[in-house]
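Close look at the chain arrangement
Each chain is listed here by its residues.
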Amino acid sequence: MDNRTELLRQIKDEVIALESSPLYAERVKNGVFPVIGEGDHYAKIMFVGEAPGKNEAASGRPFCGAAGKILDQLLTSIELPRQSVYITNIVKDRPPFNRDPLPEEIVAYGLFLDRQINIIQPKVIATLGRYSMVYIMEKFGLGALLKSISQMHGQTFVGKADYGEINIVPLYHPAAAIYNRADLDKHFEDFKMLKKFV
Ligand code: URA
């Protein structure tokens, strides 16, 4: 097996067995799955969302519900095939009632995201939503540049990963457009920024 595939499989096994996670009991009680991530293990662009929702926990796949439909439209608009990128979340288990992730959940699962980044070594991380933007900007030493997502979306920030330079593009969370279709234009506009990396 390809080394990256093997390392990512180890992460999957560890998350499945993560009894110490604050969300483990909830997962078992509901008979659902953790969502590790999916896509090209050699992807140039990685998308990082917040946490799985109901559909994602039921299937074990990221962004496969309503927010995923919007993400698919956004990817199509810049002719970026979904299977050519890697899609994951910070938190790998669904928080009850889709509440915001707690700081301890971000700490517990962030360690796995850090490892996924170092295995896949993307040139670009597109963050989806505020939690992911804050986590990734801080991780790459850019915390001092953080402002509200409405001030940062669609811009590129350059950070330093263990394996070289990394471009960070904060984007609005696609779920924000589910109830506010008028916002979709802003999402499409921001996605055009990713085209230069394709
Ligand atoms: N929202 C997220 O942040 N991630 C998913 O996988 C689905 C919805």
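For the structure itself, consult the block above.
Keep in mind that this is a model prediction, so the values were computed, not measured. (Residues numbered from 1 in each chain as written. Predicted model: local features only at pLDDT ≥ 70, side-chain atom pairs only at ≥ 80, totals over all residues. Heavy atoms only, no water.)

What to know about the overall build of the protein
- Along its length, the protein carries eight helices and six strands.
- Secondary structure of the protein in N-to-C order comes out as α-α-β-β-α-α-β-α-β-α-α-β-β-α.
- A compact globule built from 198 residues should have a C-alpha radius of gyration of about 16 Å, and the protein, at 16 Å, falls within 12% of that.
- Considering only C-alpha atoms, the protein reaches an extent of 40 × 40 × 35 Å along its principal axes.
- The buried share of the protein, taken over its 198 residues, is 47%.
- Pairs at least 24 apart in sequence give 69% of the contacts found in the protein among residues at least 6 apart.
- For the protein, the accessible surface area stands at approximately 9,600 Å², while carbon and sulfur atoms represent 54% of it.
- Charge centroids of the protein, computed over 24 positive and 24 negative side chains, lie 3 Å from each other. (Helix = DSSP H or I, 4+ residues; strand = E, 2+ residues; numbered from the N terminus. Rg over C-alpha atoms; globule rule 2.2 N^0.38 Å. Buried < 20%, exposed > 50% of the residue type's maximum accessible area, 1.4 Å probe, protein only. Contact = heavy atoms within 4.5 Å. Areas by Shrake-Rupley, 256 points an atom, 1.4 Å probe, with all protein chains shown as cover. Lys, Arg positive; Asp, Glu negative; His and termini not counted. Charge placed at Lys NZ, Arg CZ, Asp CG, Glu CD.)

Observations concerning the packing of aromatic side chains
- Across all of its chains, the model carries one aromatic pair by this definition.
- Considering the side-chain rings of Phe47 and Phe191, the 5.8 Å spacing of their centres and the 10° angle between planes classify their relative orientation as stacked. Of this pair, Phe47 sits in strand 2 (residues 45-49) while Phe191 sits in helix 8 (residues 184-192); the two residues are 144 residues apart in sequence, bridging distant segments of the chain. Taken as a pair, Phe47 and Phe191 share a single burial class, namely buried. (Phe/Tyr/Trp six-rings, centres within 6.5 Å; stacked < 30°, edge-to-face > 60°.)

Topic: the nonpolar core
- Ile125, Ile136 and Phe140 are the most contacted members of the largest nonpolar core, which has 33 residues in total.
- Looking at this core, the elements with two or more residues in it are helix 1 (3-16), strand 2, helix 5 (103-120), helix 6 (130-139), helix 7 (149-152), strand 5 (157-161) and strand 6 (164-171).
- The greatest single-element share of this core, amounting to seven residues, is contributed by helix 5.
- Core analysis: the next-biggest nonpolar cluster, separate from the first, contains 22 residues, Phe63, Phe191, Leu194 and Phe197 among them. (Core = buried A, V, L, I, M, F, W, Y, C linked by side-chain atoms within 4.5 Å.)

Description of the site of the ligand
- All residues adjacent to the ligand are Gly49, Glu50, Ala51, Glu56, Pro62, Phe63, Asn89 and His173.
- A distance of 3.1 Å is found between a nitrogen atom of the ligand and a backbone nitrogen or oxygen belonging to Ala51.
- Measuring from a nitrogen atom of the ligand, one finds a side-chain N or O atom of Asn89 at 2.7 Å.
- Notes on the ligand: free accessible area 240 Å², of which the protein chains cover 92%.
- Split into classes, the residues belonging to the shell around the ligand amount to three nonpolar, three polar and two charged. (Near = heavy atom within 4 Å. Polar contact = N/O pair within 3.5 Å; in protein donor to acceptor, adjacent residues only side chain to side chain. Nonpolar A, V, L, I, M, F, W, Y, C, P; charged D, E, K, R; others polar.)

Some words on the pairing of strand 5
- Here strand 5 shows a buried face lined by Phe157, Gly159 and Ala161 and an unburied face lined by Val158 and Lys160.
- Pairing of strand 5 with strand 6 involves five bridges; the strand directions are antiparallel. Bridged to Val158 within strand 6 is Asn167.
- Connecting strand 5 to the antiparallel partner strand 6 that follows it, the hairpin turn spans two residues. (Pairing = 2+ DSSP bridges.)

Considering helix 1
- The terminal C-alpha atoms of helix 1 lie 20 Å apart, and with 14 residues this matches the ideal 20 Å at 1.5 Å per residue to within 8%.
- Looking only at helix 1, the buried set comprises Arg4, Leu8, Ile11 and Val15. One side of helix 1 carries all its buried residues, which in axial view fall inside an arc of 50°.
- Looking at the buried side of helix 1, the elements it contacts are helix 2 (24-30), strand 3 (86-89) and helix 5.
- With a side-chain oxygen positioned 3.2 Å from the backbone nitrogen of Arg4, the residue opening helix 1 is Asp2. (Expected span 1.5 Å × (residues − 1). Arc of directions from axis to C-beta.)

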